[in-house]
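# Examination of the molecular architecture
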Amino acid sequence: MAPPSKPAWIINTTSQFLRRSAVATEFEIDFEGYKLQFGNDKSTAKSGIYCVYRCVFDSENNKVLRKKLIYIGESKNVNERLANHNRFEDWSKSLKTGEVLCYTFGAVPPEHRERCEAAMIFRHKPEFNSEHTEEFNHKPSTIVLTGRTQFLDTRFTVEPTTA
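Report on the accompanying structure. (Residues numbered from 1 in each chain as written. Predicted model: local features only at pLDDT ≥ 70, side-chain atom pairs only at ≥ 80, totals over all residues. Heavy atoms only, no water.)

## Quick look at the overall build of the protein
Within the protein one finds three helices and eight strands. Listed N to C, the secondary structure of the protein is β-β-β-β-β-α-α-β-α-β-β in terms of helices and strands. Counting only residues that meet the buried cut, the protein has 44% of its 163 residues in that class. Long-range pairs, those at least 24 residues apart, make up 67% of the contacts in the protein between residues at least 6 apart in sequence. (Helix = DSSP H or I, 4+ residues; strand = E, 2+ residues; numbered from the N terminus. Buried < 20%, exposed > 50% of the residue type's maximum accessible area, 1.4 Å probe, protein only. Contact = heavy atoms within 4.5 Å.)

## A short note on the state of the cysteines
The final tally for this structure, using the stated rule, is one disulfide. C55 shares a disulfide with C102; S-S distance 2.0 Å. Separated by 47 residues along the polypeptide, C55 in strand β4 (residues 48-58) and C102 in strand β6 (residues 100-107) bring together distant segments of the chain. Take C102: its relative accessible area is 0%, and that puts it in the buried class. (Disulfide = S-S within 2.5 Å.)

Written out as structure tokens, the structure is:
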């Protein structure tokens, strides 16, 4: 079979690229800044994936120093989800002296959120995630991460664990 004359690229409304191939579908997610205010950032009031970290805030240099990735989640409105997250108290109890919680956000269209979240959790296995850590029940997926990606593999492929 002859290869197609040009790649099958689809550009979605969040300016991410989705590439379909015979092996895996590729998803690109660009993670924005490290944010300290949970549920108080209108720029995250959209569909996407978020990564929660234990951090230290360096007030002298106005920088957030990440210590550990502790949770990966998805929501149709990340800002609202983080404002009322049922795991916030658990995350807070895990903080060591001087640490605070922070998060990054990457926009993902609604139809791909759960698949991308499952792939990221399966790959990284954050301590506060329990679903998707041992199995991946989606089609083969290649995830390409850009932006604020500390403690994340920036390119990986996940294969289904079930037939």
